[in-house]
Amino acid sequence: MLDFLTRRTLGSLATLIVVVVAVFFATRLSGNAMDYMLPPGIDAETKAAMVRHFGLDQPLLEQFWRYVTGLFSGDVGISLFERRSVVTIYAERLPNTVMLFSYALVLSVVLGVPLGIAAALNRRNPLGGAIMAVAFVGYATPNFVLAIVMILIFSFNLHWLPSSGDATPLHFLMPSIVLAAPMLAEIVRFTRNALLDVLSQDYLRTARAKGLPEWLVIVKHALRNAAIPVVTIIGLQVAGMVARCVLVEAVFATKGIGDLVVFATMQRDYPVLQFGVILIAALVVVVSLVVDLLYAAIDPRVKVTA
Amino acid sequence: MHKTLLIALATTTMLVAPSHALDLKVAVQNLPATLDPGKDHSNTGSQIYYNAFDPLIEKDYAADKVTFKPGIATEWKQVEPTVFEVKLRDGVKFHNGATVTAEDVVFSFERIINEATPEFGSVKKQFFNNFEKVEAVDATTVRFTTFKPEPLFETLLNTSEGSIVPKAYIAGLSGDPAVVEPSDFDAFGLAPVGTGPYSIQNFQPGEGLTYVKFADYWGDMAPLDSAELRRIPEMATRITALANGEVDLITNVPPDQLATIEANPNLKVEGAVTPLFHVVFFNTENPKMADKRVRQALSMAIDRNLLNEALWLGKAVVPSTHTYPQYGELYMPELNTFEYNPEKAKELLKEAGFEGQTVRYDTDPVYYTNGLLAAQAIKEMWAAVGVTMDLKVDPKWTGDDKDMESRNWSNPMYFADPAGSFGTMWSPTGARITGGSWKPNEAYTEMWERFRYSTDIATRKAAYAEIMAYVKDEAPVLVLYQPYESYGMTKSLEWKPLPGHIPYVLDFRAGAVAFND
């Protein structure tokens, strides 16, 4: 177990190092920050002075060295645009994104697994068909379409929900649903299919034969084995959710990490962008590690030595 | 007796006091990341400063005609052609409680003149290049000295760039509290303090801020208790927030969305043409664009009235030259600098041997309202005279690039004089000339000297006419139109952009805004 953890951590570190190098050089290849940040048509002299002011005229390798040594001393830099610590900016915005993520995750698991079970058990009657139909629509609808349609119905026409912002928990309802929709649909599909797979296995017949009630057969014996693909898909979806967050936060004007990273990309705000990409990469690395560990917890046949 | 008076006074106050707090909620398309009027002349920054900062000299913004009036300065006079003195108002308070001193006034200008950071340098170049020094004569008198006689003193001391800021507060923000360092200005941009009728609270860079009524304001009290601004970048989301009652006022409504808002019985639209021009300019230094006949032809091929009808519902203003009514006596609509003449355009292209060529045209996808649509229409207009447009859509500013051929841009009026709009972009020290896309001749520099520093209106008008005639012949730039800026709001709100302001100012001062419910 320890050996596994050490190796995985080293592997994750290597991934992060590659990310740091790639993001540093890729952002700079994409253009000069001052071409995007300053008002269009500002005089060339001022632009040159600003480039010097931020040290962007120094050789790339030197800038990289400063960045890396800064990283190790806990200094990730100052935003070129906002002129304040990158850490402060992320600290301000992280709670909103974490909240959005948590709501979406809980929503999709709490609804997705039972719906998947119901779809499997009712696979030969209309209920199962209806659940799967809804799941397919949820999966196939692009989330910006879903977002706009929901805003149109619940804000513009019915005036039930606020359309944008993050002042109250109610403001998070629509964004969470939009963010959860594709993940929910995936979980329903995978839970159903995995369950169908195990339902026909011999050991379930044995369980029923020894007199266990049907719900216990499903929950204790079937679901546990069906859980592995479901956990995998949740892990993959969490990584995908980061990307979807960008869009959801933009449409609902939620001040979160996604919105920040997009804005930083457009402005070429290197320090903010670099930290954001590293943060997201770290999140994905941690989630995939947790998923691997969960396999072992769920299925005793999986040993964490590989 | 005293008691009776007090009770009477209390009762009157209660009667006068509004029954509920007046809070305005505004959704804007964009907000600046830092707030310092002295180093910012961006379109996003222009929205913000006037509510929280005061210039030395004020102006009647509701009037078309320029009338200056006392601000932080109660009186001012030109003691010599190059010396200007202002008397400061007593007891003007900053939002942090400090009193405005002559030292604060000197500091507010010195940081620009001495280029405390490159951004101040940029403002100096556009506004205060003629200012040599600023000094305190005594506790209430400040003297400005210029290199050359300055006909625009009042105009320049009325700009938001010339707003008064607190020296001691700024110096104390970072590092040594006794010394003003560049990092102090970064910190001030995040926690700005001015003297205006509203203080700025809860500023979240690029995202939101709250104006709160400043009880110690020296002038007319703010009509609102607070005004909350937040950024909603998506236009559809802004309109929904307005329709849903989440906000009272939204900015940047494109013309094709006006009908949606007007159809809602609870909402209305206000708007005005903005003192800003959308322009097309050419890189005369690129060999391909070097022949002025080509540039003249490409300008003449553009039917600006058709663009106005199609993209702005006819609400924009298509000018004959680079001029605004706000210039007062220097408003010169009689000049004929830009014209539509596709037949002449074809002839010129034939003469220049330019038929069948391709010209690159760059535009940002969203920065200028209708910018991309206009580019697509211009592509057809150029095709009609035999030139193919290679349209490049990119948010990168390409105006200074050697291989740039043509692109769009905006020319805002920074202050109400040709020097504050055409001059900041196109004078010999303007951004386009230093950016290298046009190299006018020596005579042009002489015309500008005469125009900029003469104190005689007739001489200035004659010089500007010469400048425009030269621009017409050289054709480095074509003014498309003055865009019509629209705002959506709830029916109960009384607000509209005032004609005396520079573009985009959200003025919530006394007399400029009210709720009528």
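1. Concerning the overall build of chain B
Counting its secondary structure elements, chain B contains 17 helices and 20 strands. In terms of overall dimensions, chain B is globule-like: its C-alpha atoms have a radius of gyration of 24 Å, near the 24 Å expected for 517 residues. Principal-axis analysis of the C-alpha atoms places the extent of chain B at approximately 95 × 60 × 45 Å. When burial is assessed residue by residue, chain B has 57% of its 517 residues classed as buried. Summed over all atoms, the accessible surface of chain B reaches about 19800 Å², with 53% contributed by carbon and sulfur.

2. Quick word on the overall build of chain A
Of regular secondary structure, chain A possesses twelve helices and zero strands. Ordered by position from N to C terminus, the α and β elements of chain A give α-α-α-α-α-α-α-α-α-α-α-α. When the backbone C-alpha atoms are referred to their principal axes, chain A occupies close to 85 × 60 × 30 Å. Restricting to contacts in chain A with at least 6 residues of sequence separation, those with at least 24 account for 74%.

3. Quick word on helix H10 (residues 292-300) of chain B
Summarising burial for H10(B): seven of the nine residues are buried, a large majority. Taken residue by residue, H10(B) has B:Val294, B:Arg295, B:Gln296, B:Ala297, B:Leu298, B:Ser299 and B:Met300 as its buried positions.

4. Focus on the sheet that holds strand E6 (residues 131-138) of chain B
Residue and element names in this part refer to chain B. An order of E4-E5-E7-E6 is seen for the four strands of this open sheet, with the pairing classed as antiparallel. The two strands at the open ends of the sheet, each matched to only one other strand, are strand E4 (73-80) and E6. Ignoring strand direction, the axes of neighbouring strands in this sheet form an average angle of 20 degrees. Here E4 pairs with strand E5 (residues 83-88) via six bridges, running antiparallel. Bridge pairing links Gln78 to Phe84 in E5. Against the sheet, helix H3 (residues 102-113) contacts E5, E6 and strand E7 (141-146), and its axis sits at roughly 170 degrees relative to E6.

5. Quick word on the interface of chain B and chain A
If you look at the interface, chain B gives 35 residues, while chain A gives 34 residues. Here chain B meets chain A over a buried area of about 3300 Å², counting both sides, of which 57% is carbon and sulfur. When the buried area of chain B at its contact with chain A is split by residue, B:Pro118, B:Asn244 and B:Trp397 rank highest and sum to 15% of it. Counting across the interface, chain B meets chain A through seven salt bridges. One salt bridge connects B:Arg231 with A:Asp259, and the closest N-O pair in it is separated by 2.9 Å. On inspection of chain B and its partner chain A, the count reaches twelve residue pairs in polar contact (both at pLDDT 80 or more). Breaking the side of chain B that touches chain A down by element, the ones donating at least two residues are helix H4 (118-128), helix H7 (182-190), strand E10 (226-231), helix H8 (235-243) and helix H15 (431-434) of chain B. Considering only residue class, the side of chain B that touches chain A consists of 13 nonpolar, nine polar and 13 charged.

6. Some remarks on the environment of B:Trp312
Residue and element names in this part refer to chain B. The residue Trp312 is located in helix H11 (residues 304-312) in this model. Overall, the relative accessible area of 1% leaves Trp312 in the buried class. Linking Trp312 and Asp64, residues 248 residues apart in sequence, is a C-alpha distance of 23 Å. Setting aside residues up to four positions removed in sequence, Trp312 forms contacts with Pro255, His278, Leu307, Thr369, Asn370, Tyr481, Pro483 and Tyr484.

7. Description of a nonpolar patch on the surface
Residues and elements named next belong to chain A. A surface patch of nonpolar side chains, amounting to about 700 Å² of accessible area, comprises Phe144, Val145, Val149, Leu152, Ile153, Leu158, Trp160 and Leu247. Ranked by residue count, the leading element in the nonpolar patch is helix H7 (residues 143-157), at five residues. Examined against the element boundaries, Trp160 turns out to sit in the loop between H7 and helix H8 (173-199). A relative accessible area of 59% places Trp160 in the exposed class.

8. Notes on the sheet that holds strand E15 (residues 388-393) of chain B
Residue and element names in this part refer to chain B. Taking strand neighbours across the sheet as the criterion, the five strands line up as E15-E14-E16-E13-E17 in an open arrangement whose pairing is mixed. In this open sheet, the two edge strands, each paired with only one partner strand, are E15 and strand E17 (477-481). The sheet shows a mean angle of 30 degrees between the axes of neighbouring strands, taken without regard to direction. In this structure, strand E14 (residues 358-363) lies alongside E15, joined through six bridges in parallel fashion. Bridging across to E15, Asp362 finds its partner in Lys392.

9. Notes on the confidence of the model for chain A
Across chain A, the average pLDDT comes to 86, with 98% of residues at 70 or higher. Within chain A, no element has a lower average pLDDT than helix H2 (residues 33-37) of chain A, which sits at 81, and none a higher one than helix H5 (residues 86-121) of chain A, at 91.

10. Points about the confidence of the model for chain B
Residues and elements named next belong to chain B. Overall, the predicted model of chain B reaches an average pLDDT of 92, with 96% of residues at or above 70. Taken together, the stretch residues 1-18 has pLDDT below 50 and engages in zero contacts with residues farther than four places along the chain or on a different chain. For this predicted complex, the interface confidence score (ipTM) comes to 0.77, while the overall pTM stands at 0.85.

11. Overview of the side chain of B:His322
Its location among the elements puts B:His322 in the loop between H11 and helix H12 (342-351). Residue classification places B:His322 among the buried positions, given a relative accessible area of 0%.

12. Regarding helix H4 (residues 60-72) of chain A
All names here are of chain A. For H4, with 13 residues, the first-to-last C-alpha span of 19 Å sits near the 18 Å given by 1.5 Å per residue. Taken together, the buried positions of H4 are occupied by Gln63, Phe64, Tyr67, Val68 and Gly70. All buried residues of H4 lie within an arc of 160 degrees about the axis, which places them on one face of the element. For H4, the exposed residues set more than 90 degrees away from the buried face come down to Leu61, Trp65 and Phe72. Elements in contact with the buried residues of H4: helix H1 (2-29) and helix H12 (270-298). Of the residues trailing H4, Gly74 is marked for its positive phi of about 80 degrees.

13. Let's talk about the nonpolar core
If you look at soluble globular proteins, the nonpolar side chains tend to sit buried side by side. Core analysis: the biggest nonpolar cluster contains 129 residues, and B:Leu56, B:Phe144, B:Trp382 and B:Phe508 have the highest contact counts within it. The contacts of B:Trp382, once residues within four sequence positions are left out, are B:Phe282, B:Leu298, B:Ala301, B:Ile302, B:Val359, B:Tyr361, B:Val387, B:Met389 and B:Ser406.

14. Examining the packing of H5(A) against H8(A)
All names here are of chain A. Viewed as axis vectors pointing N to C, H5 and H8 meet at an angle of 35 degrees, and their least axial separation amounts to 6 Å. The element H5 and its partner H8 pack so that their crossing is right-handed. Residues belonging to the contact of H5 with H8 are distributed by class as follows: 25 nonpolar, five polar and one charged.

15. Brief notes about unusual backbone geometry
At A:Arg268, a residue that is not glycine, the phi angle is positive and equals roughly 55 degrees. In this fold, A:Arg268 is placed in the loop between helix H11 (257-267) and H12. With phi around 55 degrees, B:Asn202 is a residue other than glycine that occupies positive phi space. The exposed category is assigned to B:Asn202, whose relative accessible area is 55%.

Definitions and limits used
- Residues numbered from 1 in each chain as written.
- Chains lettered and ligands numbered in written order.
- Predicted model: local features only at pLDDT ≥ 70, side-chain atom pairs only at ≥ 80, totals over all residues.
- Heavy atoms only, no water.
- Helix = DSSP H or I, 4+ residues; strand = E, 2+ residues; numbered from the N terminus.
- Rg over C-alpha atoms; globule rule 2.2 N^0.38 Å.
- Buried < 20%, exposed > 50% of the residue type's maximum accessible area, 1.4 Å probe, protein only.
- Areas by Shrake-Rupley, 256 points an atom, 1.4 Å probe, with all protein chains shown as cover.
- Contact = heavy atoms within 4.5 Å.
- Pairing = 2+ DSSP bridges.
- Axes fitted to C-alpha atoms, helices over the stretch in contact; angles between N-to-C directions.
- Buried area = accessible area lost by both parts, 1.4 Å probe.
- Salt bridge = Lys/Arg side-chain N within 4 Å of Asp/Glu carboxyl O.
- Polar contact = N/O pair within 3.5 Å; in protein donor to acceptor, adjacent residues only side chain to side chain.
- Nonpolar A, V, L, I, M, F, W, Y, C, P; charged D, E, K, R; others polar.
- Patch = residues over 30% accessible without salt bridge, like charges linked within 9 Å, V, L, I, M, F, W, Y side chains within 5 Å.
- pLDDT = per-residue confidence, 0-100.
- Expected span 1.5 Å × (residues − 1).
- Arc of directions from axis to C-beta.
- Core = buried A, V, L, I, M, F, W, Y, C linked by side-chain atoms within 4.5 Å.
- Left-handed = near helix turned anticlockwise from the far one by under 90°.

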